[in-house]
Amino acid sequence: MSDIERRTKTVELPPTITVRELANSIHSSPIEVIKNLMSNGVMANINQQIDFDTAAIIAAEMGYEATLETQENEEEEQGENPLWRQMIAGEDQVDLVSRPPVVTILGHVDHGKTTLLDAIRHTDVASGEVGGITQHIGAYQVELKGKTITFLDTPGHAAFTAMRARGAQGADIVILVVAADDGVMPQTREAIAHAKAARVPIIVALNKIDRSNADPERVKQQLAENGLVPDEWDGDTIVVPISAKKQEGIEDLLEAILLVAENIDIRANPKGKVIGTVIEAELDKSKGVLATLLVQNGSLKVGDEVVAGVAFGRLRAMFDHYGRKISKAGPSTPVSVMGLSEVPPAGELFYVVNSEREAREMVNERQQERGKTSAAAKSVVTLEQLFDRFQAGEVRELRLIIKADVQGSLEPIVSTLDEFSSGDININVLHAETGNITESDVMLAAASKAVVIGFNVSADSAARRLAEAEGVSIRLYDIIYRLTEDVEKALKGMLPPEEKENVIGHAEVRAIFRISKIGNIAGCKVTDGEIRRNCRIRVLRRDKIVHEGPISSLKHLQEDVREVRAGFECGIGVKNFDEIEVGDRLECYFIEKVAVEEPVF
């Protein structure tokens, strides 16, 4: 085949792409791509990001002519529009004006999120009003060179994701705080996954650069490996070195925010329909319901009739982030308001209606529909519904969150699942990490309509409760091929009825008794729920599963019993397992076969 014939195939590539994604795009294996990269002097692993120019060279060597993906294609691929774009879709374009960007701060614990917020506040106070902020309302604004930035004072991806789960896009830009002496940590990767799932621009604040053991270049390499290629490496992620403690680099960070905001052209109509998001709310004994609202379109005024979920009321008073009384608030303005009938949940959208009668009618309809809507929202999406939504153009991927016991298990699982992404419905692994399934994983799944898959891990009780409340499917496996088989069958619509695991209780091992001809018996106290004789036991040691099997004996005060409830002591024998130790945690569960009419994943 001649070079001209080989170049007849073309492929569109984004500005940055992982090795695995490039291999899929040019219908080759990741190993072949890595070999070609090595021959060109580039050392990269399967998940590493490479720039367009490098990808184009490799594609050319493998018979493809690469072109840069157009902006239209990028937007089409993203699918979901941010909330503010949806808000202004029906507005008169003449009335649209630029509005301040809304920013939230995410990052690993102890990397300096709170210190950064304090430093930003201090910057504003030092340059503006003397006396500081007199009232904390969960959000505040700062000014730089005549331009305003709104900060949501709710650091942590839990609050950020709660907003998305209720349909709100609380922030326009995410600041990811990473400590220069610590680097990318598990919670950092979670925050990246949450921000990417929300399709929000990310600016990295590289904090603690004043530390003697700071290593900015190492951290930038870690960021690049997680899909955030620094702009100085020809990527599209702005990385700003700062020291929140010494208040260095804060103005550079604010300027970076304004630069990104200018590029994404955030707009709203101050004269249009009033809509926004509830940031936080509480019941004050003397003032009644106090709610912090973020106006995202239109102008909110004292006396407006507001509906937020099933809460409603005429606004009696409004306060800005300094605690000063105001009568009107435009787009991107956070305000504390009084007058709602009850406390609305954080992340709920609020609207202004024409009258109290209209507000009551809207709330009554919502209360009547709440049961139906709740049941629909909490039901796990069936494959038939998934394919119907695909045909309607609503969904093009099956979203998964993968948790595994070790990195050696995680990589082959993700690699195998990526191979399934060649049909009409692709697999999108939103987050892959080692460790047990937590509330954060379930929150991300709820907000992104994803399925959580665990390999050789367990889901803690808080995660299980949240999954049941939010209708998130958690599937646990101990054999890789069964996991991948189920995903493949799910995509083909052939998955058999699932076996549902029900955890009914936990016990703590406090003593070990050796009984001849029987083996070791664990002297336990039931900490919650109950232990049943006919159920199975999972032995957890430092949160890792060391054994699973049936109960061979269950005694209370030397008597054989069928069950022992929370607060009581008992002796538990685990069949074919004598290595039980003091301090082990026993999880009692049974498997229930769920009869379903349709294959469910």
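Scroll up to find the structure this text is about.
As a starting point, this report considers the structure included with it. (Residues numbered from 1 in each chain as written. Predicted model: local features only at pLDDT ≥ 70, side-chain atom pairs only at ≥ 80, totals over all residues. Heavy atoms only, no water.)

## Comments concerning the environment of Ser29
Structurally, Ser29 can be placed in the loop between helix 2 (19–25) and helix 3 (30–39). The class for Ser29 is partly exposed, based on a relative accessible area of 31%. The spatial distance from the C-alpha of Ser29 to the C-alpha of Val19 is 9.6 Å, given a sequence separation of ten residues. (Helix = DSSP H or I, 4+ residues; strand = E, 2+ residues; numbered from the N terminus. Buried < 20%, exposed > 50% of the residue type's maximum accessible area, 1.4 Å probe, protein only.)

## As for the sheet that holds strand 24 (residues 426–434)
Read from one edge of the open sheet, four strands run 24-23-25-26, paired in parallel fashion. Looking at which strands have only one partner, the edges of the open sheet turn out to be strand 24 and strand 26 (474–477). With direction set aside, neighbouring strand axes in the sheet form an average angle of 25 degrees. Packed onto the sheet, helix 14 (residues 407–419) meets strand 23 (397–404), strand 24 and strand 25 (451–455) and runs at close to 175 degrees relative to strand 24. (Pairing = 2+ DSSP bridges. Axes fitted to C-alpha atoms, helices over the stretch in contact; angles between N-to-C directions. Contact = heavy atoms within 4.5 Å.)

## Here we look at the packing of aromatic side chains
Each aromatic ring pair is specified by the distance between its two centres and by the angle formed by the two planes. Under the criterion given, the structure shown has one aromatic pair. Pairing Tyr140 with Phe151 gives two aromatic rings, centres 5.8 Å apart and planes at 20 degrees, and the pair type is stacked. Taken as a pair, Tyr140 in strand 7 (residues 139–144) and Phe151 in strand 8 (residues 147–152) lie far apart in primary sequence, eleven residues in all. With relative accessibility at 0%, the residue Phe151 sits in the buried group. (Phe/Tyr/Trp six-rings, centres within 6.5 Å; stacked < 30°, edge-to-face > 60°.)

## Describing the pattern of salt bridges
Counted according to the given criterion, the structure contains 25 salt bridges. Linking Arg357 and Glu361 is a salt bridge whose minimum nitrogen-to-oxygen distance equals 3.4 Å. Residue Arg357 and its partner Glu361 are both found in helix 12 (residues 356–378); the two are separated by four residues, about one turn of the helix. Glu361 sits in the partly exposed class, given a relative accessible area of 40%. Of the charged contacts, one joins Arg464 and Glu501 as a salt bridge, the two residues approaching to 2.9 Å between their closest N and O atoms. Here the residue Arg464 occupies a position in helix 16 (residues 461–470), and Glu501 occupies one in strand 27 (residues 499–515), the gap between them amounting to 37 residues. Salt bridges here are not isolated pairs; linked through shared partners, they connect Arg464, Glu501, Arg538, Glu548 and Glu587. (Salt bridge = Lys/Arg side-chain N within 4 Å of Asp/Glu carboxyl O.)

## Brief notes about helix 3
Burial in helix 3 covers these residues: Val33, Asn36 and Leu37. The arc that holds the buried residues of helix 3, viewed along the axis, is 100 degrees, so those residues lie on one side. When the buried face of helix 3 is taken as reference, the exposed residues oriented beyond 90 degrees from it are Ile31 and Ser39. As for helix 3, its buried residues are in contact with helix 2, strand 3 (49–51) and helix 4 (52–61). Two residues or fewer after helix 3 comes Gly41, characterised by a positive phi angle close to 80 degrees. (Arc of directions from axis to C-beta.)

## Concerning the environment of Glu342
Examined against the element boundaries, Glu342 turns out to sit in the loop between strand 21 (334–338) and strand 22 (349–353). For Glu342, a relative accessible area of 35% translates into the label partly exposed. Excluding anything up to four places from it in sequence, Glu342 contacts Val289, Val310 and Ala311.

## Some details on the side chain of Asp181
Tracing the sequence through the fold places Asp181 in the loop between strand 9 (173–179) and helix 9 (186–197). Taking relative accessible area as the criterion, Asp181 reaches 18% and is therefore assigned buried. At a separation of 2.8 Å, a polar atom in the side chain of Asp181 contacts the side chain of Arg211. (Polar contact = N/O pair within 3.5 Å; in protein donor to acceptor, adjacent residues only side chain to side chain.)

## Re the state of the cysteines
Here the structure, examined in full by the defined rule, presents zero disulfides. A disulfide-free cysteine, Cys524 has its sulfur positioned 5.2 Å from the sulfur of Cys570, the nearest such atom. On the basis of relative accessible area, Cys524 is assigned to the buried category, the value being 2%. Of all cysteine sulfurs in the structure, the one in Cys588 sits closest to Cys535, which takes part in no disulfide; the separation is 4.4 Å. Judged by relative accessible area, which is 5%, Cys535 ranks as buried. (Disulfide = S-S within 2.5 Å.)

## With respect to the pairing of strand 23
In terms of burial, strand 23 is a largely internal element, eight of the eight residues being buried. Residues Glu397, Arg399, Ile401 and Lys403 point to one face of strand 23 and Leu398, Leu400, Ile402 and Ala404 to the other, with burial holding for every one of them. Here strand 23 runs beside strand 24; their pairing, made up of eight bridges, is parallel. Looking at strand 24, one finds that Leu398 is bridged to Ile427. Of the pairings in the sheet, the one linking strand 23 to strand 25 comprises five bridges and is parallel in character. Considered in strand 25, the bridge of Ile402 is made with Ile453.

## Here we look at helix 16
Here helix 16 has its buried residues at Ala463, Leu466 and Ala467. Buried residues of helix 16, viewed axially, fall in a sector of 105 degrees; they line one side. Opposite the buried face of helix 16, at more than 90 degrees from it, the exposed residues are Arg465 and Glu468. The inward-facing, buried residues of helix 16 abut helix 15 (439–448) and strand 26. Taken from the residues just after helix 16, Gly471 is the one with a positive phi, measuring 70 degrees.

## Let's talk about the nonpolar core
Residues Leu116, Ile120, Phe151, Ile175, Ile203 and Ile257 are the most contacted members of the largest nonpolar core, which totals 29 residues. Broken down by secondary-structure element, the contributors of at least two residues to this core are strand 6 (102–107), helix 7 (113–127), strand 7, strand 8, strand 9, strand 10 (202–207), strand 11 (238–241) and helix 11 (250–264). By residue number, the principal contributor to this core is helix 11, which donates eight residues. Residues in contact with Ile120, not counting those within four places in the same chain, are Ile105, Tyr140, Val142, Phe151, Ile250 and Leu254. Among the nonpolar cores identified, the runner-up in size contains 20 residues, and Ala507, Val526, Ile551 and Ile580 belong to it. (Core = buried A, V, L, I, M, F, W, Y, C linked by side-chain atoms within 4.5 Å.)

## What about unusual backbone geometry?
Despite not being glycine, Asp234 shows a phi value in the positive range, around 65 degrees. Of note, Arg542 is a non-glycine position whose phi angle comes to about 55 degrees, a positive value. Position of Arg542 among the secondary structure elements: in the loop between strand 29 (536–541) and strand 30 (544–556).

Geometry only, nothing functional implied.
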